[in-house]
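Analysis of the macromolecular model
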Amino acid sequence: MADVLALVEARLRTALGEPDARAAVTFLGTDRIEVLRFAAPAAGGLVRYATLGMAAQPMADPTAVLADPLRGPRAELVLTVRAGLADTDKALRPLAVLAASPQVEGVVIAPGASLDVGEPLWPGAPFTSVLVAEPGGLVDDLELDEPMDPVHFLPLLPMTPNEAAHKRVHGAAELQERWLSHGTDVRDPLRASVRLD
């Protein structure tokens, strides 16, 4: 397990640089989850938050009688927002909660899923949930030794409650197409909901 997390952290450092802060959260009955912050002034004032610990164990099918200790999807979560517009560092705990949900709730987090934390992602945020996007754009998948599945680094796109409701009805692809066609900056921590009519 420790070896997997060392490889995950090395991949994050290769892709995002050196983290400038990290926080650890431990929930009762779960492994420790860390959230690393990568401030990237060269990347247009973006700050990225990446979980570290979710990939230590494969996500198990909640209907399986026994969880396979080696096989199964593995992932970490990555949130990117514009720096300096909101107190987004307060997103560390909600991100850790989401990263712990496969252990706590037995869910498998995959692209297209909605994850809701039930409260603003940070103080004053118009978002309480995120859309899990496709991996591979920012941080390449990390191949592990057989029979382990690769680790995917899943981008999280904050959603307003109206967008989350729209996504439930029309699907993730339609919401992402709407963001694209309206020029929505999904990294803006204070953005309004996209037009849904």
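Our structure is the block above this text.
What comes next is a walk through the structure. (Residues numbered from 1 in each chain as written. Predicted model: local features only at pLDDT ≥ 70, side-chain atom pairs only at ≥ 80, totals over all residues. Heavy atoms only, no water.)

Take the overall build of the protein chain next. Per the secondary structure count, the protein chain includes four helices and seven strands. Across the protein chain, helices and strands are ordered from the amino to the carboxyl terminus as α-β-β-β-β-α-β-β-β-α-α. Scaling as 2.2 N^0.38, a compact globule of 197 residues should have a C-alpha radius of gyration of about 16 Å, and the protein chain matches this with 16 Å. Overall, the C-alpha framework of the protein chain stretches about 45 × 40 × 30 Å when taken along its three principal axes. Relative to its 197 residues, the protein chain shows a buried fraction of 43%. When contacts within the protein chain are restricted to residue pairs at least 6 apart in sequence, those whose partners lie at least 24 apart make up 58%. For the protein chain, the exposed surface amounts to about 9700 Å²; the carbon and sulfur share of it is 54%. The distance from the centre of the 17 positive side-chain charges to the centre of the 27 negative ones in the protein chain is 5 Å. (Helix = DSSP H or I, 4+ residues; strand = E, 2+ residues; numbered from the N terminus. Rg over C-alpha atoms; globule rule 2.2 N^0.38 Å. Buried < 20%, exposed > 50% of the residue type's maximum accessible area, 1.4 Å probe, protein only. Contact = heavy atoms within 4.5 Å. Areas by Shrake-Rupley, 256 points an atom, 1.4 Å probe, with all protein chains shown as cover. Lys, Arg positive; Asp, Glu negative; His and termini not counted. Charge placed at Lys NZ, Arg CZ, Asp CG, Glu CD.)

What follows concerns the side chain of Thr80. The topology assignment puts Thr80 in strand 4 (residues 74–82). Side chain to side chain, Thr80 and Arg48 meet in a polar contact 3.1 Å long. Residues within four places of Thr80 in sequence aside, it is in contact with Leu46, Val47, Arg48, Leu138 and Arg187. (Polar contact = N/O pair within 3.5 Å; in protein donor to acceptor, adjacent residues only side chain to side chain.)

Attention now moves to the nonpolar core. Counting residues in each nonpolar core, the largest one holds 28 residues, and the members touching the most others are Leu77, Leu79, Ile109, Trp122 and Leu156. Mapped by element, the contributors of at least two residues to this core are strand 2 (33–40), strand 3 (46–52), strand 4, helix 2 (92–105), strand 6 (129–132) and strand 7 (151–159). A total of five residues in this core trace back to one element, the largest contributor, which is helix 2. Excluding anything up to four places from it in sequence, Trp122 contacts Leu79, Val81, Ala86, Asp87, Thr88, Lys90, Ala91, Phe127, Pro158 and Pro189. (Core = buried A, V, L, I, M, F, W, Y, C linked by side-chain atoms within 4.5 Å.)

Here we come to the environment of Ser101. In this structure, Ser101 sits in helix 2. Between the alpha carbons of Ser101 and Val139 there is a distance of 22 Å; along the sequence they are 38 residues apart. Look past the residues within four positions of Ser101 in its chain and what remains in contact with it is Gly106, Val107 and Ile109.

Our focus in this paragraph is helix 2. Because an α-helix completes one turn every 3.6 residues, residues spaced three or four positions apart along the sequence face the same direction. Over its 14 residues, helix 2 extends 19 Å from the first C-alpha to the last, a length consistent with the 20 Å expected when each residue adds 1.5 Å. The sharpest bend along helix 2 comes to roughly 40°, located at Ala99, with the proline Pro102 sitting one to four residues further on. Those residues of helix 2 not exposed but buried are Pro94, Leu95, Ala96, Leu98, Ala99, Ala100, Ser101 and Pro102. Of the residues flanking the end of helix 2, it is Gly106, one or two places downstream, whose phi is positive at about 70°. (Expected span 1.5 Å × (residues − 1). Bend = angle between axes of the 7 residues up to and from the residue.)

This part covers the pairing of strand 4. Counting buried positions along strand 4 gives eight out of nine residues, so the element sits mostly inside the fold. Sheet analysis places strand 3 next to strand 4, joined by five bridges and oriented antiparallel. Following the sheet pairing, Arg48 is matched in strand 4 by Thr80. Pairing of strand 4 with strand 7 involves six bridges; the strand directions are parallel. If you follow Ala75 over to strand 7, its bridge partner there is His152. (Pairing = 2+ DSSP bridges.)

Here we come to unusual backbone geometry. Of the consecutive residues Glu146 and Pro147, the connecting peptide bond is found in the cis state with omega at 5°. Residue position: Pro147 is located in the loop between strand 6 and strand 7.

Listed as buried for helix 3 (residues 161–170) are Glu163, Ala164, His166 and Lys167. Across the axial projection of helix 3, the buried residues extend over an arc of 160°, all falling on one side. Facing away from the buried surface of helix 3 by more than 90 degrees, the exposed residues are Asn162, Arg168 and Val169. The inward-facing, buried residues of helix 3 abut strand 5 (114–116), strand 6, strand 7 and helix 4 (172–181). Two residues or fewer past helix 3, Gly171 is found with a positive phi of approximately 95°. (Arc of directions from axis to C-beta.)

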